[in-house]
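Chain by chain, the residues:
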Amino acid sequence: MSATLSAEAYERHKAAARERAAASAKAGRDLGSIPAVVDQELRVRCEDDLQTFLETCFPAAFRLGWSDDHLTLIAELQKVITTGGFRAVGMPRGTGKSTIIVRAMIWAICTRRHPFAMIAAANAGKAERLLRDIVVEVSQNPHLFDLFPEVCFPFRALEGISNRARGQLYQGQNTNISTSAKTVCFATLAGYPGTGAIVAAAGLMEAVRGALHTLPDGRVIRPSMLLCDDFQTRESAMSPMQCYSRTEVIQNDLVGMA
């Protein structure tokens, strides 16, 4: 009889230990409280104006000031992101247009204007590098963190270890944050409407006509915004046929994704 009781007690002890270990692991994966916005008034100004957002959150990237071409590009990006449309802006190489475009994409995500956005470039490798720049900024930029903690804090909590994304929790619920070479899913946080945006990267000539993403609740969404950067390679720029093909892809495939 005593042996039976001892065995039962031991099993209860093991079960309790497992429960404590599971609770401890779950607590370690939960984000806890999201930090408060450092300056709410400044955040509102950044949400309303792309140029203010760029100057405030990325002072090191834009330390030399703006040219008229830069201001034109920023204004056109804001129009496309906020009201839609189809814009093409040409600028010389090395003048910072990629730097602006990547951070305009971050603005679209931080201001919750687009649940699914895509960034395209001349080839997949370049598009993926642009996507990595977005992840670096939301993970490490202190100015962005101060104003948009609900966007940045979940990435900072990963500490650069992508495997942690699968188990990340907020208030006991999975945030569904994930990063890969081609897609970044931002954390979905209860109480923060509009979080959980997706950004995908693709080479211009890839098959992106049917781009879509399935959300955790089962809904299927398509991109609502596309930013295309440097869609020519040196080789394609020298070929009239390749120029024509790339123009056709933009006008018929990419623009019609939504």
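Here, every reference points to the structure presented above.
Residues numbered from 1 in each chain as written. Predicted model: local features only at pLDDT ≥ 70, side-chain atom pairs only at ≥ 80, totals over all residues. Heavy atoms only, no water.

Enquirer: Got a minute to help me understand the environment of alanine 165 in this structure?
Expert: Note that alanine 165 resides in the loop between α8 (149-158) and β2 (169-170). For alanine 165 and serine 178, which are 13 residues apart along the polypeptide, the C-alpha to C-alpha distance reads 5.6 Å. The residues touching alanine 165, leaving out its near neighbours within four places in the chain, are Leu158, Ile177 and Ser178. (Helix = DSSP H or I, 4+ residues; strand = E, 2+ residues; numbered from the N terminus. Contact = heavy atoms within 4.5 Å.)

Enquirer: Would you explain the packing of aromatic side chains in this entry?
Expert: Within a pair of aromatic rings, the relevant descriptors are the distance that separates the centres and the angle that separates the planes. Enumeration over the complete set of coordinates arrives at six aromatic pairs. Ring geometry for phenylalanine 53 versus phenylalanine 58: centroids 5.5 Å apart, planes at 75°, classification edge-to-face. Residues phenylalanine 53 and phenylalanine 58 agree in their burial class; the two are buried. Ring centres 5.1 Å apart and planes at 75° place the aromatic pair phenylalanine 155 and phenylalanine 186 in the edge-to-face group. With phenylalanine 155 in helix α8 and phenylalanine 186 in the loop between β5 (183-185) and β6 (198-203), the pair connects residues that are 31 residues apart, well separated along the chain. Phenylalanine 186 matches phenylalanine 155 in its accessibility class, with the two residues each being buried. One aromatic cluster is present, formed by Phe53, Phe58 and Phe148 through successive ring pairs. Lying over the aromatic face of phenylalanine 58, arginine 103 brings its terminal NZ or CZ to 5.5 Å of the ring centre. Between arginine 156 and the ring centre of phenylalanine 145, over which it is positioned, the NZ or CZ distance is 3.9 Å. (Phe/Tyr/Trp six-rings, centres within 6.5 Å; stacked < 30°, edge-to-face > 60°. Buried < 20%, exposed > 50% of the residue type's maximum accessible area, 1.4 Å probe, protein only. Lys NZ or Arg CZ within 6 Å of the ring centre and 35° of its normal.)

Enquirer: Honestly, the environment of phenylalanine 86 in this entry has me stumped. Any pointers?
Expert: Along the polypeptide, phenylalanine 86 turns up in the loop between α4 (68-83) and α5 (97-110). Separated by ten residues in the primary sequence, phenylalanine 86 and glutamate 76 place their C-alpha atoms 9.4 Å from one another.

Enquirer: What's the story with the side chain of glutamate 76 in this structure? I'm lost.
Expert: One can find glutamate 76 in helix α4. A residue is classified by how much of its surface remains accessible, and glutamate 76, at 17% relative accessible area, is buried. If near-sequence neighbours (up to four positions away) are discounted, glutamate 76 is found in contact with Arg87 and Val89.

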